[in-house]
Amino acid sequence: MKSPQSNRRSIHVFDLDDTLIQTEAKVRVIGPDGAQRLALTPAAFTTHVLGEGESYDFRDFGNVGILARGVLVGYTRTILETLLKRGTRSDFGILTARGDKRLHAPFLIRLFQGLFGIRLKNALIFNLSDERFLRYKDSSELPESLRETFSGRSFSKLSVPERKALVLGQDLAARGYNDISLFDDSRENLAAFKVIGKAFPGITYRPHFIDPNWTARLQEFRNGDKPRKPLTSGRASALLLLQHHSRYAENPEAGLRALQERGVVSLPGGVRLAYADGKYALEKK
Ligand SMILES: [Mg+2]
């Protein structure tokens, strides 16, 4: 008899902008008069709210030249390399809001082949503007099985990202995947994808927050109620915090030695790094 483990079919799906790649591409905010008011980075765009009469212009994201000049996020690259080193049998996919898949897909396939030796399947590059998603803007157009799960009122309460997550979940379920990891720099996206677990009880959904500089997590800790947050990745997280948020930016290794000797190193905004018995933590002062 087969064990449940041997029936596991997993896929690791990576968001593109600011998770896999950082680019100069900007989302422009256009005023009612047609003039550009702002140019947002992909990270700023995830939380931006339009003013009255304003609209977005995504022209940079249809431009494969800008994508090709992007820098692979080192933090995410290390995650991928670690997975491969451990001999993962998982497949890989990409989720992107960028305009034209016919332009981007060949680039992404070559990038993954060249850097990681991974054969990325075209069908596993999910472009939020491709027809798999466009068809389901309206709840009435969703397949019957999903309409049943989110019947009536509860479906109308789903956000657009949640509806997209359902479409992606359904596509992956149909391909036989039952273990989906999503890597994304947007907490909102990761949360929206929780509907997959609700709609497809046989699928395990694992969210992974990508925050290469610890900027978002440090801010969340400052704003949160907890006085202490243990660093589960220990030394690696402490080094990132020292590099990006302390006076040891030039030499984080020296910061780590100072932390190990003294037990604490101050960070801005009323928090500090603490070290004791081989364990690292963030603390409020
Ligand atoms: Mg992103």
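In what follows, the structure referred to is the one given above.
Residues numbered from 1 in each chain as written. Predicted model: local features only at pLDDT ≥ 70, side-chain atom pairs only at ≥ 80, totals over all residues.

A count of helices and strands for the chain gives 13 helices and 14 strands. A total of 285 residues make up the chain; the buried ones form 27% of that total. Taking all contacts inside the chain whose residues are at least 6 apart in sequence as the whole, residues at least 24 apart take part in 64%. (Helix = DSSP H or I, 4+ residues; strand = E, 2+ residues; numbered from the N terminus. Buried ≥ 20, exposed ≤ 12 C-beta atoms within 10 Å, placed from the backbone. Contact = placed C-beta atoms within 7 Å.)

Spanning 15 residues, helix H8 (residues 160-174) covers 21 Å between terminal C-alpha atoms, matching the ideal 21 Å at 1.5 Å per step. With its phi angle positive at about 95°, Gly176 sits one or two positions after the end of H8. (Expected span 1.5 Å × (residues − 1).)

Next up on the list: the nonpolar core. Ranked by internal contacts, the top residues of the largest apolar core, which has 28 residues, are Ile94, Ala165, Phe193, Val195 and Ile196. Looking at this core, the elements that each hand over two or more residues are strand S1 (10-15), strand S7 (91-96), helix H4 (101-116), strand S8 (125-127), H8, strand S9 (179-184), helix H9 (187-192) and helix H10 (195-199). The element contributing the most residues to this core is H8, with four residues. Once you skip the residues sitting within four places of it in the chain, Ala165 turns out to touch Ala192, Phe193, Val195 and Ile196. (Core = buried A, V, L, I, M, F, W, Y, C linked by C-beta atoms within 7 Å.)

A few words on the sheet that holds strand S4 (residues 36-40). As summarised here, the arrangement of the three strands in space is S4-S3-S5, forming an open sheet in which the pairing is antiparallel. In this open sheet, the two edge strands, each paired with only one partner strand, are S4 and strand S5 (55-57). On average, each strand axis in the sheet is tilted by 30° relative to the strand beside it, whichever way the strands run. The pairing of strand S3 (residues 27-30) with S4 spans four bridges and is classified as antiparallel. From the neighbouring strand, Val29 faces S4, where its bridge partner is Leu38. (Pairing = 2+ DSSP bridges. Axes fitted to C-alpha atoms, helices over the stretch in contact; angles between N-to-C directions.)

A separate point is the packing of helix H12 (residues 235-245) against helix H13 (residues 252-262). Where H12 meets H13, the closest approach of the two axes is 9 Å, and the angle between their N-to-C directions is 115°. Relative to H13, the crossing made by H12 is right-handed. Here Ala238, Leu239, Leu242 and Gln243 of H12 lie close against H13, whose contacting residues are Pro252, Gly255, Leu256 and Leu259. Broken down by class, the residue content of the contact of H12 with H13 amounts to six nonpolar, two polar and no charged. (Left-handed = near helix turned anticlockwise from the far one by under 90°. Nonpolar A, V, L, I, M, F, W, Y, C, P; charged D, E, K, R; others polar.)

The next subject is the environment of Gln22. With respect to the element layout, Gln22 can be found in strand S2 (residues 21-22). Given 19 C-beta atoms within 10 Å, Gln22 falls into the partly exposed group. Put simply, Gln22 and Pro42 are 20 residues apart on the chain and 8.5 Å apart in space, counted from C-alpha to C-alpha. Those residues in contact with Gln22 that sit more than four places away from it in its chain are Gly70, Val71 and Val73.

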